[in-house]
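Chains, contacts and geometry: an overview
The residues making up each chain are set out below.
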Amino acid sequence: MADNSSFRLRIITPDRIFYDGEAEMVEFNTTEGEIGVLPGHIPLTVIVKPGILHIYETQGKRNAALHAGFAEILPEEITILAEIIEWPDEIDEGRAEAAMHRAEERLQHKTPETDVARAETALMRAMARIQVLK
């Protein structure tokens, strides 16, 4: 890193290194709310919540659907250990819409056996996939 205008961003999943490069800023959802991180941020560890990850690079902004994981934020580096993360071109829109409708149906017609937390998480993941395509 040549100056303080960027930091190293690494995003790792169980299957691959999704991203390893320089970023000027990153935004994503945590269990405490949305967070925006700039170079020099105080050290912090957060739990990732499903939503859209925004990566601001010198060339522009890139978005991805980030589903769950942990993030370690250091002044010069952020590492996100993600359960699942997808670029827009990796998402099947029809499948995401079907998953959203199934989750909505489960929540609207829940029974005592319905795992509400799981259905809500499935809904958030499907919505993140659909939103990142827009």
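Turning to a nonpolar patch on the surface, a few remarks are in order. A cluster of nonpolar side chains, namely Ile47, Phe70 and Leu81, defines an oily patch on the protein surface of about 300 Å² accessible area. With respect to the helices and strands, the residue Ile47 is situated in strand β5 (residues 44-48).

With 16 residues, helix α1 (residues 93-108) should reach 22 Å at 1.5 Å per residue; the first-to-last C-alpha distance of 22 Å fits that figure. Of all the positions in α1, only Ala96, Ala99, Met100, Ala103 and Leu107 are classed as buried. Each buried residue of α1 lies within a common arc of 100° when the element is viewed along its axis, so the set occupies one face. With respect to the buried face of α1, the exposed residues turned more than 90 degrees away are Arg95 and Gln108. Regarding α1, its N-cap is Asp92, as a side-chain oxygen of that residue lies 3.1 Å from the backbone nitrogen of Gly94 further along.

Now for helix α2 (residues 116-133). Taking 1.5 Å per residue as the helical rise, α2 with its 18 residues ought to reach 26 Å, and the 26 Å between its terminal C-alpha atoms agrees with that figure. Taken residue by residue, α2 has Ala119, Leu123, Arg125, Ala126, Ala128, Ile130 and Val132 as its buried positions.

Where burial is concerned, most of strand β6 (residues 51-57) is hidden: six out of the seven residues are buried. Two strands pair when backbone bridges link them, and strand β3 (residues 25-30) and β6 are joined in this way by three bridges, in the antiparallel orientation. Looking at the pairing, Val26 lines up with Ile55 of β6. Both β6 and strand β7 (residues 60-74) contribute to a ladder of seven bridges, which runs antiparallel. The residue bridging His54 from the neighbouring strand is Asn63, located in β7. Taking the residues that link successive antiparallel strands as the turn, the β6-β7 hairpin has two residues.

Rules behind the numbers
- One numbering rule holds for all chains: residues counted from 1, following each sequence as written.
- In keeping with the predicted nature of the model, local features appear solely for residues at pLDDT of at least 70, side-chain atom pairs appear and are counted solely at 80 or more, and the whole-chain, interface and lining totals rest on all residues.
- To get the side-chain values, take all heavy atoms of the structure and skip hydrogens and water.
- A patch consists of residues whose relative accessible area exceeds 30% and which take part in no salt bridge; residues with like charges are grouped when within 9 Å of each other, and nonpolar side chains (Val, Leu, Ile, Met, Phe, Trp, Tyr) when within 5 Å.
- Note that accessible areas follow from Shrake-Rupley with a 1.4 Å probe, and for residues the cover is restricted to the protein chains shown.
- Any Lys or Arg side-chain nitrogen located within 4 Å of an Asp or Glu carboxyl oxygen qualifies as a salt bridge.
- Helix numbering and strand numbering both begin at the N terminus, where a helix is a DSSP run of H or I of at least 4 residues and a strand a DSSP run of E of at least 2.
- Multiply 1.5 Å by the residue count of a helix minus one, and that product is the helix's expected span.
- Partly exposed residues are those whose accessible area sits between 20% and 50% of the maximum for their type, while under 20% is buried and over 50% is exposed, using a 1.4 Å probe and protein chains only.
- This arc describes the spread of directions from the helix axis toward the C-beta atoms.
- Whenever two N or O atoms come within 3.5 Å, that pair is a polar contact, provided that in protein one can donate a hydrogen and the other can accept it, and provided that, for residues adjacent in sequence, both atoms are side-chain atoms.
- DSSP-based pairing: two strands are paired if at least 2 bridges between them are found.

By themselves, these figures tell us nothing about what the structure is for.
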